[in-house]
Amino acid sequence: MSETTQQPPYASTNPATGEVVARFDLATDAAVDAALAAAAAGFETWRATTIEERAAVATKVGALFAERADELARIATEEMGKPLGEAVEEVEFCQAIFEYYGQHGPELAADQPITAVSGDRAVVQKRPIGVLLGVMPWNFPYYQVARFVAPNLVLGNTMLLKHAESVPRCAEAVQRLLDDAGAPSGVFQNVFASFAQVERIIADPRVQGVSLTGSERAGRAVAELAGRHLKKCVLELGGSDPYVVLDSDDVEQAATQAWSTRIYNTGQVCNANKRIIVSDDLYEPFVAKLVDLARAMRPGDPAGLEDGGYAPMSSQAAVDRLRDVVDDAVAQGAQLHAGEAGSSVGAYYPPAVLTGVTPDMRAYREELFGPVAVVYRVGSDDEALRLANDTPYGLGGAVFSTDPERAARVASQLDVGMANVNTPAGEGAEVPFGGVKRSGFGRELGPLGMDEFVNKRLFYVKAGAEPEGARCSPAAPHWWSAPAAASAGRSSRGSSGRAPRSTPRTCRPRPAATTPGSCRWTSRRSRRSRPPSTPSASGPVRCTSSSTRPASRSRRPSRRPPWRTGSARSR
């Protein structure tokens, strides 16, 4: 990690009061070494466990999230200020994520047959790659971890968690969930690591990948380390999502929805609507409604937030960062609406609306991570699209119109990883999440969440080389070694794409040579060009020694690609 970034302590601080509830020591180097050794040893055991057994553990984790929802929600509220009701929703989402991968993980990780290989058999297998490191943020202290852990738990990888320093009790609560669900030793371990130890973990040869959700600065540091050590990484970074309102038959309702979206989690959401782009004919009443909603809000206790109340931000440092960007915009001519009702105690920032932002201001390019809505006026769909795409980020975006085709036409041109029509965001355990540009790369959740930290291994078996009794259909798991009887009743197509036979086909073993030193030589290419007097393609061509082949074959030039003709050193 960056040498210029000061290591904060692991401490549970209530942002509503400033009270430090608990402190935690940094892990020792010996503890980190022990965690790495346990993860590596655990991988050898976990990968050998059937995927159905691994999926059952994931399902149990989901059940424990539901069982402990109130307890987990209270911890998140105390550590990062999330309104209690929203914290419960987060825990329920985690339950859905683990249950999704518990139910669908084995199917999503199934072997994928390659049907275009004539005569031979091939599949792409999804195999675990080993130990992974997850570097997770504080704004959704359970959900972000669930996105990383659930698919990899089912795949058979083992994981180390380096959580945000401000949510150590949430990190410990997740550890208890995995332990109590029956995850074996070494499969999941929370480590209160320092920045230097994170660098050492990424560099360790036993670690095969790292997933980070966090700031652009943190993502840049982790990506540099991962690249230096040739490790796969997934980055989910910042966002400045456009929220385009082209027209509406109820402006007040449209503004209310935009405000509730912006204020969720006190505005601390990666894919929140940080740039609200409104058509000229709606702009004045739309902004007026936003301002009324902002001015009506009052600071409250996140553990019992009433209607019209707002919670603290995660920390005083987060408040200070947001204030710096807003103050820069106001100093250069932007107008700040509302923002009057603050609090002298706790990390509260008064919700506000910012208009008149220009490209010269930091607020135009930087992410405003807090309860401030920036609103822009546009005169056409094309202008709205240009403004929406004029950002270094590319996480998500949404377009609204009473004409769904019009909204879809604009949304389809957004330079983002997640484009939405007439909804703030598509959500669900089955819906992939991720962005482009400086919002990072890689995807989490849904089917794509199973595709990141895997060895997509090609398994190729030459026709006639299958073990005796092997199944010929690659559609079934382990088709190269399971008994033929096990394939009875399957209706999948074989690798040739032809419809299967009505009864299971048993692959014939490769015939043995009849004389010492003899060989069996066949070539699909030579069979096609072989004159009629040569043996048919259904039978092997045999030769009396390993160096003897038909003369016509020996005179042909080698067809091996140039990169296969040299030694390993020359390649």
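On a predicted model such as this, the values are computed, not experimentally measured, just so you know.

Novice: Help me understand the sheet that holds strand E10 (residues 242-245) in this model?
Specialist: Neighbouring strands of a sheet are bound in pairs by backbone hydrogen bonds; such pairs are parallel or else antiparallel. Here we have seven strands laid out as an open sheet, ordered E14-E15-E16-E11-E10-E18-E19, and mixed in their pairing. Because the sheet does not close on itself, it has two edges, and the strands there are strand E14 (335-338) and strand E19 (418-421). The average angle at which neighbouring strand axes cross in this sheet is 20 degrees, direction not considered. The strands touched by helix H14 (residues 404-411) within the sheet are strand E18 (396-400) and E19, with E19 carrying the most contacts at an inclination of about 165 degrees.

Novice: Please explain the pairing of E18 as it appears in this structure.
Specialist: In regular strands, side chains alternate between the two faces of the sheet. Most of E18 sits out of view: five of its five residues are buried. Two elements, E18 and E19, share four bridges in a ladder whose sense is parallel. The residue of E19 that forms the bridge with glycine 397 is alanine 419. What joins E18 to E19 is H14, and the crossover it makes is right-handed.

Novice: Just checking my understanding: could you explain the sheet that holds strand E3 (residues 112-113) for this structure?
Specialist: In spatial order, the strands read E3-E4-E22; together these three strands make up an open sheet with antiparallel pairing. The outermost strands of the open sheet, each flanked by one partner alone, are E3 and strand E22 (454-461). The pairing of E3 with strand E4 (residues 121-128) spans two bridges and is antiparallel. Following the sheet pairing, glutamine 112 is matched in E4 by valine 124.

Novice: Looking at this structure, I do not really get a negative patch on the surface. What am I missing?
Specialist: There is a patch of like negative charges on the surface, built from Asp249, Asp250, Glu252 and Asp292. Assignment of secondary structure puts glutamate 252 in helix H9 (residues 251-263).

Novice: Is there a simple way to explain the environment of alanine 398 in this structure?
Specialist: As for its placement among the helices and strands, alanine 398 is situated in strand E18. On the basis of relative accessibility, which here comes to 1%, the residue alanine 398 falls in the buried class. The spatial distance from the C-alpha of alanine 398 to the C-alpha of leucine 414 is 8.8 Å, given a sequence separation of 16 residues. If we skip the residues at most four places from it in the chain, alanine 398 touches Pro242, Tyr243, Val244, Leu414, Asn420, Thr423 and Pro424.

Novice: Any chance you could explain the nonpolar core here in plain terms?
Specialist: A general tendency of soluble globular proteins is for nonpolar side chains to be buried together. Core analysis: the biggest nonpolar cluster contains 66 residues, and Phe65, Phe98, Tyr101, Tyr142, Val149 and Leu153 have the highest contact counts within it. Put simply, the parts of the chain that give this core at least two residues each are helix H2 (51-67), helix H3 (69-80), helix H4 (84-108), helix H5 (143-155), strand E6 (158-162) and helix H6 (168-180). If one sorts the elements of this core by residue count, H5 sits on top with nine residues. Residues in contact with phenylalanine 65, not counting those within four places in the same chain, are Leu72, Val91, Cys94, Gln95, Phe98, Tyr142 and Leu177. Membership of the second largest hydrophobic core comes to 34 residues, among which are Met313, Val325, Leu368 and Ala411.

Novice: Whenever I open this one, the packing of helix H1 (residues 29-48) against helix H7 (residues 195-203) confuses me. Can you help?
Specialist: Any two packed helices are characterised by how steeply their axes cross, that is the angle between the axes, and by the distance between the axes. At a minimum axis separation of 11 Å, H1 and H7 run at an interaxial angle of 30 degrees. Between H1 and H7, the angle falls in the class roughly parallel. In the packing of H1 onto H7, the handedness of the crossing is right-handed. Contact with H1, carried on its side by Asp29, Val32, Asp33 and Leu36, involves Gln197, Arg200 and Ile201 of H7 and no other residues of that element. Here the contact of H1 with H7 is built from residues that sort into three nonpolar, one polar and three charged.

Novice: Please explain the packing of aromatic side chains as it appears in this structure.
Specialist: The geometry of an aromatic ring pair is captured by the separation of the ring centres together with the interplanar angle, meaning the angle of the planes. Tallied over the entire structure, the rule returns 11 aromatic pairs. Centre to centre, the rings of phenylalanine 65 and phenylalanine 98 are 5.7 Å apart; their planes meet at 25 degrees, and the pair counts as stacked. With phenylalanine 65 in helix H2 and phenylalanine 98 in helix H4, this residue pair connects regions lying 33 residues apart in the sequence. The residues phenylalanine 65 and phenylalanine 98 share a single accessibility class, namely buried. Considering the side-chain rings of phenylalanine 140 and tyrosine 143, the 5.8 Å spacing of their centres and the 80 degrees angle between planes classify their relative orientation as edge-to-face. On the basis of relative accessible area, phenylalanine 140 is assigned to the buried category, the value being 12%. One aromatic cluster in this structure is built from Tyr10, Phe24 and Phe192. A cation sits over an aromatic face here: lysine 82 above phenylalanine 140, 4.0 Å from the ring centre. A cation over an aromatic ring shows up here: lysine 232 above the ring of phenylalanine 453, its NZ or CZ 5.6 Å from the ring centre.

Novice: Looking at this model, I keep getting lost on the pairing of E6. Mind explaining?
Specialist: Taken across its five residues, E6 has five buried, putting it largely inside the fold. The two faces of E6 match: Thr158, Leu160 and Lys162 on one face and Met159 and Leu161 on the other face are all buried. Two strands pair when backbone bridges link them, and strand E5 (residues 131-135) and E6 are joined in this way by five bridges, in the parallel orientation. Bridged to valine 131 within E6 is threonine 158. For the segment spanning E5, H5 and E6, crossover handedness is right-handed. In this structure, E6 lies alongside strand E7 (residues 188-190), joined through three bridges in parallel fashion. By the bridge assignment for E7, leucine 160 is matched with glutamine 189. Regarding the hand of the β-α-β motif, the stretch spanning E6, H6 and E7 is right-handed.

What counts, and at which threshold
Residues numbered from 1 in each chain as written. Predicted model: local features only at pLDDT ≥ 70, side-chain atom pairs only at ≥ 80, totals over all residues. Heavy atoms only, no water. Pairing = 2+ DSSP bridges. Helix = DSSP H or I, 4+ residues; strand = E, 2+ residues; numbered from the N terminus. Axes fitted to C-alpha atoms, helices over the stretch in contact; angles between N-to-C directions. Contact = heavy atoms within 4.5 Å. Buried < 20%, exposed > 50% of the residue type's maximum accessible area, 1.4 Å probe, protein only. Right-handed = clockwise from strand over helix to strand, strands pointing away. Patch = residues over 30% accessible without salt bridge, like charges linked within 9 Å, V, L, I, M, F, W, Y side chains within 5 Å. Areas by Shrake-Rupley, 256 points an atom, 1.4 Å probe, with all protein chains shown as cover. Salt bridge = Lys/Arg side-chain N within 4 Å of Asp/Glu carboxyl O. Lys, Arg positive; Asp, Glu negative; His and termini not counted. Charge placed at Lys NZ, Arg CZ, Asp CG, Glu CD. Core = buried A, V, L, I, M, F, W, Y, C linked by side-chain atoms within 4.5 Å. Parallel < 35°, antiparallel > 145°, perpendicular 65-115°, else oblique. Left-handed = near helix turned anticlockwise from the far one by under 90°. Nonpolar A, V, L, I, M, F, W, Y, C, P; charged D, E, K, R; others polar. Phe/Tyr/Trp six-rings, centres within 6.5 Å; stacked < 30°, edge-to-face > 60°. Lys NZ or Arg CZ within 6 Å of the ring centre and 35° of its normal.

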